[in-house]
Structures are given as structure tokens and as C-alpha cells.
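Coordinate inspection notes
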Amino acid sequence: MARSKLALAAAALCLLASLANSADKPSVYALMIGINHYGKAAIQAYAASDLNGPKNDVALFKSLLTSTYGAPDDDNHFQILLDGQATHSNIAAAFQAQLIDKAKSDPDSVFLFYFSGHGSLAVDNDGDEGDGYDETLVAYDSRSADGSDIRDDEIETWLTELKKYTQNIVLIFDSCHSGTVSKAPGLKARRAPLDDRQKPSGSLPSKKSQQSRALDEPQKAVSIISGSMAEEVSNEDEIQTKDGPKYHGLLTYALVQSLEHDPQLTYRQAVIESERLVHEHAPSQHPQAEGDIDRTMLGSIGERQTPHIPILSATKDKISVSVGQSQGVQTGALLAIYSSGAKTLEGETDKIAEAIVTKAGLARSEAAFVDKPKEDVTTASKVRIISPYSTRHRIKFSLVPPPDGYALGQPAAQEIKERLKDSALLEAIDDPNAARMFVGLACMDGKVPSDPRSSPSCEKSLYIGSADQPDAIHGFHVPAEPQEDAVAAVVKGLENFARQENLRGLANRTSPLAGLVEFTFVDVDVEMEGEQAKIVNRTPVSDMGTVPIKVDDSFQFEVTNKTDQDLYFSIIGLGSSGAVYIVNDTPSGEKLQPNVPVLTKPVLKAGPPYGLESYVLLATTTPTNVSFLAEPGVKAAGSGPLAQLLDGLANPSFKDATKQSALDLNSWVTSRIDLNIHP
């Protein structure tokens, strides 16, 4: 199983870090870089295009640090380099002065390096990269005659020095280093052209041997959040904020929204919370976490209240709350309402009602009570989000592709629309820019579509795409003829995508079981003895939110119950092919005794197609049958609110989407592991 080097990797955000607990109230020292406008390139082929959002990103993230986390707002604690100030040499010098030198005298504080701008790749010149390329940051003068990108090797050198004095390092990168070029109107990929001015020398080590040197034990000091997987891009877009339209990096904006409403998220949770809002603009961009990702974001910095959403108004039937699409909340989101005196806002304790969002605005939503509240709900009551998805959410798709997509014929489009008109999971719209995915007609080279008009003799295919990438989603495409078969396959493909998106976001944010059921990926080395496979080594991997894994690599999952009661668990597989399946064989969940780790059997093997594959753990206090999730169109065999919720999230023919029963929030919790399957 491959492990990434230092995931400056896939585009995007964060390398947020672990913090030591200190009785002296640790402070924060930040070096923040934002580059909208780049210097003139010596060779135009390597030029970095101008961006719109980085300076806005710096201001937004600084505001989060000062307002939500209580960081002192002064020149001692913040050094900011913008545009022409952010040269390679200036960044290196500022890293030394602002972070390393200050860590020597104040090691318990947080040391944050934030970069918003272009990332790229450079041909590896020291043979330490399995794929032959270094990940880089593009400074203002990187592409000048005497300039160079800031390579990951150089950043690791800076980190090695910084870790001599502190274990509380925060690195934030809202930039690209790889992936395909974004093609959606308004979206812009933060990726500068690859720098191949230096060629690799010597032999390259295998990807299997690559380790993140910056995260090696016992000096692990960095937790990483990045904006996307290695083959994807991170994007910026013009976002409708509460202050009007502004350009931002998608993950910067989404991460800030998530942390403003719950500053006590872990790094792993922050990625999951952020991805839903990212996907509204760029469904193929998947935020990532790596390092010590189960610590609370920014540790003990600042004074924090138990997070809750304010109620703006309340009647006997509904409430209005100050949360909305800007935070990824959509129609159908489930809310828990607690009494005004509640302290923990957890599970069933002091819960007086549940509500379902009936109308989601930009920063304000309306929600109707599921059942009659146990006591009057007022503006002093407190709200938390249970799950941003519910049985009312329908993912939008278009049968009209974006400008450089390829339109399918009207007969096929009409037939697809007709078959899905009553779907509980999907909604056909005419605007491709407002849709999460679209259906088009193309010639296919692998999973890459091309204009069928340029190759009249090619075998034309129907494919499912998204506006932010040229490739087909899950590589899905089928021959366009016979049309009846093609339409049936496309309908199933769309439903599978919607089912996966809903189940991937399944969560109970209020669960008192959170953090008490450990879900760990285990890398398995297998050797063949004759015709028998023998396990020779198991390596748990707990420091990566998304685990890179090669086709044919073997793996298991380990589940551990840290409570004092028996639990039951099921693992829902969301395959890279779009399939949904149940990993364990026990129909109502496998029993999980306290403090007795369970390894899933048999050993699993990664298979094609390449791409994202997710595994969702559902742990419950009583047996819950989830086997119906693997059978589209089959109603839940069990009864109760949790079964109803799962049924509505996954069943395209769910007919009771307007109804919802209150959930027992003490009785279930979820966790998720993502795999990035690659050659």
C-alpha cells in the first residue's frame, strides 16, 4: 500500500496541526501568504496565471483565528506576505523569523504557516519520489529567470528545524499540485504548469516505500488537511457569502464555515464537514486529512463555548435558524434542539425536539418540528446539526452538459428524465452550472470523453460527468446503442452516485458514542504458500483520512469498542465503481464487545476502477439490519427511525420522503475511511 510523502499533495488546504495542552494558554504565531498576482515568467510555458481569491482567503482565515480561536491580532503574532512581497527568499526568511525563532522561546504556542496561491509539480532531482515529481508551492518570483518553486523537500527541511522546538505546527496550503484542469465556468484550478526544467537522475524508489518524513515517529507534530486527492485539483470560485459575492478557495471557505459553527472538530471531522460545501461547487474535489488527525483543531487555543446554532424565531410548528447553504446545510437536514440550560448538547440529554430543514437559504434556514416538542422552543433554545442530509434531499443533475461537454440526443434525454421524475434521490434540472453532474454523449478514451463530431466513426457512449473535471465520474460510460440498454445503465449509474453521496455523508454529530468506537484501516501483506494465502504482516494506518492503495493490495479493518456496553457494527462499502455493498456477513451487525478489537474477515483486496472508495462504519446499541442498502429499490427489512433514515438516503423509490421520525441520538454513531485506489 502506497503512503504519500508530504501531502502538499493534492491541491488545497490545510496542514493543520497538533497542539500541546498548556496551563499557560498557548498563543499563536502565523505566517500567512496570499498571491493573487504573479511576477513575469522567464519562459511563458511555465507562467503562473493570476488568481482571484488568495488575498480574500488570508483575510478570512485570519478572522477565524482571531475571532473564533482568540489569537492576538498584532504584528508580533501575524506576519502577512501578499503578491510581490511573497518571493521565495522572503518566504524562507519569514519562516525562520516568525516561526522557528519564536518557537525557541514559546514552544507551547501554535506555529501556523498558511499559503494560498498556486501549487505545482517539479521533476524530482534527487530520486526520493516514487512518481518522479516533487510537489511545490509557487512563490511570486518562482517562474522568473533566477527563480524556483518551493519544493516539498525544502519545506520538510524547514519543518525538521521547527520541530526541534515545538510539536504544535500548523501548515495550511490552499493550492494545487496535480490533477486535471478545471473546466466549469467560474471555477479556477490553483495549479501552475509543471516545472520540468530539471530532469530526474538515478533510479526511483518504489511507491510502496514512500513515507512522509515530516510525520515520522517519534517527532510527529503536524496534522494535514489538503483540498483534494493527488490526481484532482483544488479550485477557487465566486461564492455568495453573507457579505456578498467573493472569490475564495473552496476548501478555505468551507473549512472556515465548519469551524465557526463547531471549533472543536478534529482534523478528520473537519474534512468530512467541509467536503459537502466543497462538493456543491466541485463534486470531484475531495478534501483530505493526514497526520495526527484525531486531535481537536488548534488544541487548547482560545476560550470556547459548547457550539450551537442560534434560533432566530420560533413558533409552535417551526423555527428559523442562522445556518444555511453557506455552511453546506440543505433542505432535509436534521436538527437537534436542546433546552436553553443544556451544557453538553449531546445525544438525548436535554433534547427537547428534532426538526427537519424545509427551506435552506444562504445563511438562514427554516425547519419544521418532527414531533411535538417536549417543552416550548424559544430563541434561547440551542440547535445542533445531526446530519446535513435527510430523506428530502435530491441531488441535481442535468441532461444539458456544460459548454464544452457533449450533448446527448433528445430521445435518450427525455427517457432518462421520465424514468427519474419520481426519484427520491435525484432531480433533473436544465442548468448544468447548478447541477452536481450531467449526462452527455461522447467518444471515450478510457474515462476521458472527446467530441464525437471530430470522430464520426467512433463508438459513441453515454457518460456521466461533472462540471469541474473532464473525466467521467467513476469512469462511467456505456455504448449509446441500443438506446434502451444505455438509458437503463445511465439511470442506475445516476442512482448509485446519489446513494453513495448520501451514505458517505451519514452522520450523527451529537452522538455520545463519538470517539468511543475506533475504526482503523489495516494494511495487510500476504504471501502465497502453494495455493494458500498467508498473512505475514499487518500495519494499522490511523494517520490518514484517505489511504492511498494500489490495485491488488490487501487490507482489513479493525473495530474497537471503547464503551462499557456491547455494540453492533456494520460496514457499508461505497465502491470506486459506484456500487454499494455490505462488508460483513452478519445481517443485523456484528457484535462488538467492550475493548475486544475485531478484525474484519476475510482479507479484502483493492480492485479497479481507480478512484475514491469509501467505507462507512455504523455502530449501534441494538442490532440494526442494513443489508437492504446493497439492494436498490428494496425497502428496509427492519423498522424504526434509523432504518427509515437509511432507507430514505439510499432508496430511489422511497415514497415517504416528506415524513421523518425522531431518532434516538444515543443509540448510533458513524465513522468513515476513504481509500484512493491507484495503479
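Residues numbered from 1 in each chain as written. Predicted model: local features only at pLDDT ≥ 70, side-chain atom pairs only at ≥ 80, totals over all residues. Heavy atoms only, no water.

Across five bridges, strand β23 (residues 461-466) lies against strand β24 (residues 469-479) in antiparallel orientation. Looking at β24, one finds that Ser466 is bridged to Gln469. A loop of two residues connects β23 with β24, the two strands running antiparallel in sequence. (Pairing = 2+ DSSP bridges. Helix = DSSP H or I, 4+ residues; strand = E, 2+ residues; numbered from the N terminus.)

For the rest of this paragraph, the subject is the nonpolar core. Among the nonpolar cores identified, the biggest contains 38 residues, and Met32, Phe61, Leu112, Ile225 and Met297 are the most heavily contacted of them. Elements represented by at least two residues in this core include exactly β1 (28-34), α1 (54-68), β3 (110-116), β7 (169-174), α4 (250-261) and α5 (267-281). (Core = buried A, V, L, I, M, F, W, Y, C linked by side-chain atoms within 4.5 Å. Buried < 20%, exposed > 50% of the residue type's maximum accessible area, 1.4 Å probe, protein only.)

Before going further, it helps to spend a moment on the environment of Leu99. Positionally, Leu99 belongs in helix α2 (residues 88-105). Residue classification places Leu99 among the buried positions, given a relative accessible area of 0%. Taking the C-alpha atoms as reference, Leu99 lies 9.9 Å from Leu159; in sequence the two are 60 residues apart. Each residue touching Leu99, except ones within four places of it in the same chain, is listed here: Tyr29, Leu31, Ala94, Phe111, Leu112, Phe113 and Leu162. (Contact = heavy atoms within 4.5 Å.)

Two descriptors summarise a pair of aromatic rings, namely the distance from one centre to the other and the angle between the planes of the rings. On inspection of all chains with the given rule, the structure shows 14 aromatic pairs. An aromatic cluster of at least three residues, connected via ring pairs, comprises Phe519, Phe521, Phe555, Phe557, Tyr581 and Tyr615. Stacked on the ring of Phe78, the Lys or Arg Lys62 has its end atom at 5.1 Å from the ring centre. (Phe/Tyr/Trp six-rings, centres within 6.5 Å; stacked < 30°, edge-to-face > 60°. Lys NZ or Arg CZ within 6 Å of the ring centre and 35° of its normal.)

Let us now look at the sheet that holds strand β18 (residues 382-387). Here we have six strands rolled up into a closed barrel, ordered β13-β14-β17-β16-β15-β18, and antiparallel in their pairing. Strand-to-strand twist across the sheet, computed as the mean angle between neighbouring axes with direction ignored, equals 45°. Sheet topology places strand β13 (residues 309-314) next to strand β14 (residues 318-321); three bridges connect them, and they run antiparallel. By the bridge assignment for β14, Ala314 is matched with Ile319. (Axes fitted to C-alpha atoms, helices over the stretch in contact; angles between N-to-C directions.)

Before going further, it helps to spend a moment on the state of the cysteines. This model, assessed by the stated rule, comprises one disulfide. Between the sulfur of Cys443 and that of Cys458 lies a disulfide, 1.8 Å long from S to S. On the S-S bond that ties Cys443 to Cys458, the torsion sits near -75°, and the link is left-handed. With Cys443 in strand β21 (residues 437-445) and Cys458 in the loop between β22 (448-450) and β23, this pair connects stretches of sequence that are 15 residues apart. Owing to a relative accessible area of 5%, Cys443 belongs among the buried residues under this scheme. (Disulfide = S-S within 2.5 Å.)

This part covers the packing of α4 against α5. Relative orientation of the contacting elements α4 and α5 amounts to 130°, with a least axis distance of 8 Å. Relative to α5, the element α4 lies oblique. Crossing hand, α4 versus α5: right-handed. Here Leu250, Leu251, Tyr253, Ala254, Leu255, Gln257 and Ser258 of α4 come into contact with α5, specifically with Ala270, Glu273, Ser274, Leu277, Val278 and His281. (Parallel < 35°, antiparallel > 145°, perpendicular 65-115°, else oblique. Left-handed = near helix turned anticlockwise from the far one by under 90°.)

In this section: a nonpolar patch on the surface. Together, Val526, Met528 and Ile535 make up a nonpolar patch on the protein surface, roughly 240 Å² of accessible area in all. One can find Met528 in strand β25 (residues 517-529). (Patch = residues over 30% accessible without salt bridge, like charges linked within 9 Å, V, L, I, M, F, W, Y side chains within 5 Å. Areas by Shrake-Rupley, 256 points an atom, 1.4 Å probe, with all protein chains shown as cover. Salt bridge = Lys/Arg side-chain N within 4 Å of Asp/Glu carboxyl O.)

Attention now moves to the pattern of salt bridges. Scanning all chains against the criterion turns up 19 salt bridges. Linking Asp262 and Arg384 is a salt bridge whose minimum nitrogen-to-oxygen distance equals 3.4 Å. You can see Asp262 sitting in the loop between α4 and α5 and its partner Arg384 sitting in strand β18, a full 122 residues away along the chain. Among the residues examined, Asp262 registers a relative accessible area of 16% and is labelled buried. The class of Arg384 is buried, set by a relative accessible area of 15%. Of the charged contacts, one joins Arg453 and Asp451 as a salt bridge, the two residues approaching to 2.8 Å between their closest N and O atoms. Connected via shared salt-bridge partners are Glu280, Arg436, Glu501 and Arg504.

A word on the sheet that holds strand β2 (residues 78-82). Here we have four strands laid out as an open sheet, ordered β2-β1-β3-β7, and parallel in their pairing. Looking at which strands have only one partner, the edges of the open sheet turn out to be β2 and β7. Pairwise comparison of adjacent strand axes, ignoring direction, gives a mean angle of 5° for this sheet. When β1 meets β3, the two strands line up parallel, connected through seven bridges.

Next up on the list: unusual backbone geometry. The omega angle of the peptide bond from Glu481 to Pro482 is 0°, so this bond is cis rather than trans. Locating Pro482 in the fold gives a position in the loop between β24 and α7 (483-504). With omega at 0°, the peptide bond leading from Lys601 into Pro602 counts as cis. Structurally, the position occupied by Pro602 is in the loop between β32 (598-599) and β33 (604-605). The phi dihedral of Asp552 falls on the positive side, at around 80°, and the residue is not glycine. A positive phi angle, near 60°, is found at Asn595, a position not held by glycine. Structurally, Asn595 can be placed in the loop between β31 (590-592) and β32.

Glancing now at the confidence of the model for the chain. The predicted model of the chain averages 84 in pLDDT, with 87% of residues at 70 or higher. Looking at the elements of the chain, mean pLDDT is at its lowest for strand β9 (residues 223-226), recorded as 76, and at its highest for β2, recorded as 98. Taken together, the stretch residues 178-184 has pLDDT below 50 and engages in 31 contacts with residues farther than four places along the chain or on a different chain. Low pLDDT (under 50) marks residues 199-219, which in the prediction has 57 contacts with non-local residues, meaning those over four places away or in another chain. (pLDDT = per-residue confidence, 0-100.)

Our focus in this paragraph is α2. Here α2 spans 26 Å end to end across 18 residues, near enough to the 26 Å set by a 1.5 Å rise per residue. Of all the bends found along α2, the most pronounced is centred on Gln96 and spans about 25°. Of all the residues in α2, the buried ones are His88, Ile91, Ala94, Phe95, Gln98, Leu99, Ile100, Lys102 and Ala103. Here the buried face of α2 lies against β1, β2, β3, β6 (150-151) and α3 (152-162). (Expected span 1.5 Å × (residues − 1). Bend = angle between axes of the 7 residues up to and from the residue.)

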